[in-house]
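# Topology and contacts: notes
For reference, the chains in residue letters:
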Amino acid sequence: MKSGSILKHGLIILSLFGLIFLLHNITNRENWKYHTVSAMYKLQDRIFCSHLGQPPSPEEELEERDILDSIAWPQPPSSAAPPALCQTSDPAHSLFTIVPSRNGRRRYVGDQLEVLVHLHDFEGRPKRYGGDFLLARLHSPEYKAGVAGQVLDHKNGLYSARFPLLWEGSAQVEVTMVHSSEAVAVLRRLREKRPDRVYFVSLFRLGLRSETTVCNVCLPRDQGPLCNYTDPYSGEPWYCYKPKMLACDARINHAKGGYLKNVITNKEALLFQSDVNVKVPIHASTTDTINVLPFRKESGSPKTDPVKMATSGYYYQDSWRPLGGVPMRRFDGASAIAQCLTNKVVYMYGDSTVRQWFEYLLNVLPDMKEFNLQTPKKVGPLMAVDSTHNILLKYRCHGPPIRFSTVTASELRYIANELDGLAGGPNTVVALSIWSHFSTFPAEVYVRRLRHIRKAVARLLDRAPGTAVAVRTANPQALGGDVSLYNSDWFSLQLDAVLRAAFKGLDVMLVDAWQMCVAHRQPHHLHPPTAIVKNMVDMMLSYVCRDGAGNNV
């Protein structure tokens, strides 16, 4: 009886210890968020650590300055206090006018159309400074045709939108104010001062003990010791707060922690109202429609102008028609796609917008079978095989910062390192898309990441010149609710310009997702509809099989 009593009391004591341990763990996991958010709010007055990582060479530093200068945006006049809403740009009071053609003559294919946009505030007064973010499109619903306009800021409240006339028939002008200049000023401040507004976490675990801490490209050291996960090859910085009871090597995953709220004032929030001053159309003062006549042979060949040179292509019957570079081919059947990709390995690296390409090819190729890697569908890595045509598709997400739900720590890979591991060659295709998850960071962070990727692409092309590399640009998206504060099209446009500059001069195919989405009749979405994705993939395939491999169907 005595030994039984001792055993009974021992089990009770062990159970109590276990309960205390469990409650301690739960408390740790519940409290990390509040401690972290409080700490992260203190970041807003600090200088963000964009200097972390490998220092750039003098040439790279000069290139970075040139890139940052190229994306400089006009700012509203400085004042002691931000303007009242009534003094800011109002699309409902603004208007655009189609500039009459020279000498009142008719318009023909090959001509250029100009539209003058007048911005006014909420009280109808003309704006006297620039910096508003506008998008323009010329389209013909009847022909499923469209082209993005080139917008020029005159910095006095007036804007010009210019379009090359590329098809005949009736065409309609569409001008949209995405953000007022005052809203852009807020977004610029958020980008530079509040990169913490999207925060990341990692789970650490050893045995039964687990802790969750906050991670980011840069963290203030006065909030506690840090775990340094800077990549030893590319030098990309990444840090997590060290768990109180666990070692840094106990990290098992990475995830998006969430979005910080109340990062702007109530007065600033008035600048981001759906259907009021975010992505709202500006109406024409008179007509918004023109008629375009067929190209005139007597006028000679169409002249090359800056507007047409800046226009990468246009839609006609929902088919993208590039204005330069590799001729576009339509891959309307599975057999044409399969013939183009036969005996090839396609590596796709980046965010979910290039994962769409993987999903598209998986769906349209009947012989393509996904290999179950026991990984989340929206995270990856993913792999599919077409054994009939000897095609291998692989997708892997890029390294942090990445806002996916949960990525196993062992699967966090940087694109530059992955590219350095490829043999390359004429049967290797690489597709890259990396932009969306950098929208909350200063542009310097993105410039650094692209610098490493560009170097890796250059090394790949040097050792295997036949490798086909396609780079997908950024695209606009829906901006409902407070999405603008984290994923504004203005952020994406800036990233898009940086990406184009970073890959300029390299032998890669630039798939212009920005213009392909702006020109299309479908509403903007972070993940464009299948009709647009098909045209993007067709552009990539046209580049891969530009020497005539495969047959059109």
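Coordinates for the structure precede this section.
Here is a short report on the structure shown in this document. (Residues numbered from 1 in each chain as written. Predicted model: local features only at pLDDT ≥ 70, side-chain atom pairs only at ≥ 80, totals over all residues. Heavy atoms only, no water.)

### Let's talk about helix α3 (residues 181–193)
- In this model, α3 (13 residues) spans 18 Å end to end at C-alpha, consistent with the 18 Å of a helix rising 1.5 Å per residue.
- Residues of α3 that are buried include every one of Ser181, Glu182, Ala183, Val184, Val186, Leu187, Arg188, Leu190 and Arg191, and no others.
- The inward-facing, buried residues of α3 abut β4 (133–140), β8 (169–179), α4 (266–269), α9 (443–463), α10 (484–487) and α11 (489–502). (Helix = DSSP H or I, 4+ residues; strand = E, 2+ residues; numbered from the N terminus. Expected span 1.5 Å × (residues − 1). Buried < 20%, exposed > 50% of the residue type's maximum accessible area, 1.4 Å probe, protein only. Contact = heavy atoms within 4.5 Å.)

### Re the side chain of Thr88
- Checked against the element boundaries, Thr88 lands in the loop between α2 (58–70) and β1 (95–98).
- A residue is classified by how much of its surface remains accessible, and Thr88, at 1% relative accessible area, is buried.
- Every residue in contact with Thr88, bar those within four places of it in the chain, is listed here: Pro83, His120, Asp121, Phe122, Lys127, Glu182 and Leu271.

### Details of the sheet that holds strand β11 (residues 226–228)
- If you walk across this open sheet you meet the six strands as β11-β12-β10-β9-β13-β22, and the pairing is antiparallel. What marks the edges here is a single partner per strand, and that holds for β11 and β22 (407–408). (Pairing = 2+ DSSP bridges.)

### A few points about the packing of aromatic side chains
- The final tally for this structure, using the stated rule, is 10 aromatic pairs.
- For the pair Trp73 and Phe133, a centre-to-centre distance of 5.9 Å together with 85 degrees between the ring planes defines the contact as edge-to-face. Separated by 60 residues along the polypeptide, Trp73 in the loop between α2 and β1 and Phe133 in strand β4 bring together distant segments of the chain.
- Through successive ring pairs, a cluster of aromatic residues spans Trp73, Phe133, Trp490 and Phe491.
- Against the face of Tyr229 rests Arg251, its NZ or CZ located 3.8 Å from the ring centre.
- Positioned above the aromatic ring of Tyr108 is the side chain of Arg296, whose terminal nitrogen or guanidinium carbon lies 4.2 Å from the ring centre. (Phe/Tyr/Trp six-rings, centres within 6.5 Å; stacked < 30°, edge-to-face > 60°. Lys NZ or Arg CZ within 6 Å of the ring centre and 35° of its normal.)

### Some words on the sheet that holds strand β21 (residues 391–397)
- On the basis of which strands lie adjacent, the open sheet formed by seven strands has the order β19-β20-β21-β18-β23-β24-β25 and mixed pairing. In this open sheet, the two edge strands, each paired with only one partner strand, are β19 (369–371) and β25 (509–511). Sheet twist, expressed as the mean angle between neighbouring strand axes with direction ignored, is 20 degrees.
- The pairing of β19 with strand β20 (residues 382–386) spans three bridges and is classified as antiparallel. Among the inter-strand pairings, Glu370 is bridged to a residue of β20, identified as Ala384.
- Across the face of the sheet, helix α7 (residues 352–364) comes into contact with β18 (345–350), β19, β20, β21, β23 (428–433), β24 (468–472) and β25 while running at roughly 155 degrees to β21.
- Those strands touched by helix α13 (residues 530–544) are β23, β24 and β25, and its axis lies near 155 degrees from that of β24. (Axes fitted to C-alpha atoms, helices over the stretch in contact; angles between N-to-C directions.)

### Focus on the packing of α9 against α11
- Closest axis-to-axis distance for the α9/α11 pair is 10 Å, and the angle between their directions is 30 degrees. What the angle tells us is that α9 and α11 run roughly parallel. Classified by chirality, the crossing of α11 by α9 is right-handed. Facing α9, whose interface residues are Tyr446, Val447, Leu450 and Arg454, α11 presents Leu495, Val498, Leu499 and Ala502. (Parallel < 35°, antiparallel > 145°, perpendicular 65-115°, else oblique. Left-handed = near helix turned anticlockwise from the far one by under 90°.)

### Quick look at α9
- Relative to the 30 Å expected for 21 residues at 1.5 Å per residue, α9 spans 30 Å between its end C-alpha atoms, a close match to the ideal helical length.
- In terms of residue burial, α9 counts as a mostly covered element, since 15 of its 21 residues are buried.

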